[in-house]
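Residue-level structural notes
If you want the building blocks of each chain, they are given just below.
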Amino acid sequence: MRADLDKKLVADFPMLYRDRYASMQQTAMCWGFDCGDGWEPLIRELSEKIEAYNNEHPDNPVVAAQVKEKFGGLRFYVDGAIKKILDLIQEYEERSEKICEQCGKSGKLRDKGWMRTLCDECHKRRDG
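Read on for a plain summary of the structure.

What counts, and where the lines are drawn
- Residues numbered from 1 in each chain as written.
- Predicted model: local features only at pLDDT ≥ 70, side-chain atom pairs only at ≥ 80, totals over all residues.
- Heavy atoms only, no water.
- Core = buried A, V, L, I, M, F, W, Y, C linked by side-chain atoms within 4.5 Å.
- Buried < 20%, exposed > 50% of the residue type's maximum accessible area, 1.4 Å probe, protein only.
- Helix = DSSP H or I, 4+ residues; strand = E, 2+ residues; numbered from the N terminus.
- Contact = heavy atoms within 4.5 Å.
- Pairing = 2+ DSSP bridges.
- Expected span 1.5 Å × (residues − 1).
- Salt bridge = Lys/Arg side-chain N within 4 Å of Asp/Glu carboxyl O.

**Considerations on the nonpolar core**
Leu16, Tyr17, Phe33, Ile43, Ile50, Val67 and Phe76 are the most contacted members of the largest nonpolar core, which has 25 residues in total. The set of elements that each furnish at least two residues to this core consists of α1 (3-12), α2 (40-56), β2 (63-70), β3 (73-79) and α3 (83-96). It is α2 that contributes the most residues to this core, 5 residues altogether. Other than its neighbours up to four places away in sequence, Tyr17 contacts Leu9, Val10, Met29, Phe33, Ile43, Ser47, Ala64, Val67 and Phe76.

**With respect to the pairing of β3**
Where burial is concerned, most of β3 is hidden: 5 out of the 7 residues are buried. Bridge analysis of β2 against β3 gives 7 bridges, and the strand direction is antiparallel. Bridging from a neighbouring strand, Lys68 pairs with Arg75 of β3. The antiparallel hairpin formed by β2 and β3 contains 2 residues in its connecting segment, where Phe71 sits at a positive phi of about 55 degrees.

**Concerning α2**
Because each turn of an α-helix spans 3.6 residues, side chains separated by three or four positions in sequence point in the same direction. Spanning 17 residues, α2 covers 24 Å between terminal C-alpha atoms, matching the ideal 24 Å at 1.5 Å per step. Listed in full, the buried residues belonging to α2 are Glu40, Leu42, Ile43, Arg44, Leu46, Ser47, Ile50, Glu51, Tyr53 and Asn54. Summarising the contacts, the buried residues of α2 are in contact with α1, β1 (33-34), β2, β3 and α3.

**Examining the pattern of salt bridges**
Following the criterion strictly, the structure yields 12 salt bridges and no others. Put simply, Asp12 and Lys8 hold a salt bridge, and the shortest N to O gap is 3.1 Å. Here the residue Asp12 and the residue Lys8 both occupy positions in helix α1, the gap between them amounting to 4 residues, near one helical turn. Residue Asp12 is classed as partly exposed on the basis of its relative accessible area of 29%. Of the residues examined, Lys8 reaches a relative accessible area of 47% and is grouped as partly exposed. When the shortest N-O distance is used, the salt bridge between Arg95 and Glu45 registers 3.1 Å. With a gap of 50 residues between them, Arg95 in helix α3 and Glu45 in helix α2 connect regions that are remote in the sequence.

Okay, structure coming up:
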């Protein structure tokens, strides 16, 4: 993800991404958001919901441990989550498999080499 999008997510959701600049001994968030820009709106929407929960429970916040692409879908790992939040994360991970990781348009899971969720246009560019 582009650095400007990364910084904006961290600034907008400080409790959720409080470990973004911590060391690799503490968190995998030190690597940033390891996915394409097309998922930023999806991550932002999920982050808004988790941060709202955090604002209601400031003594026990959910903290992002890693946000990345894996097997063509979004993976959103956290510490301190209750079932309600884990279910919400699962919903957004499933939604990511229908959104192009690169541009954010409607996409589908492509299984050519590295699995990716891409729209037809980004898939064509990928294949050259």
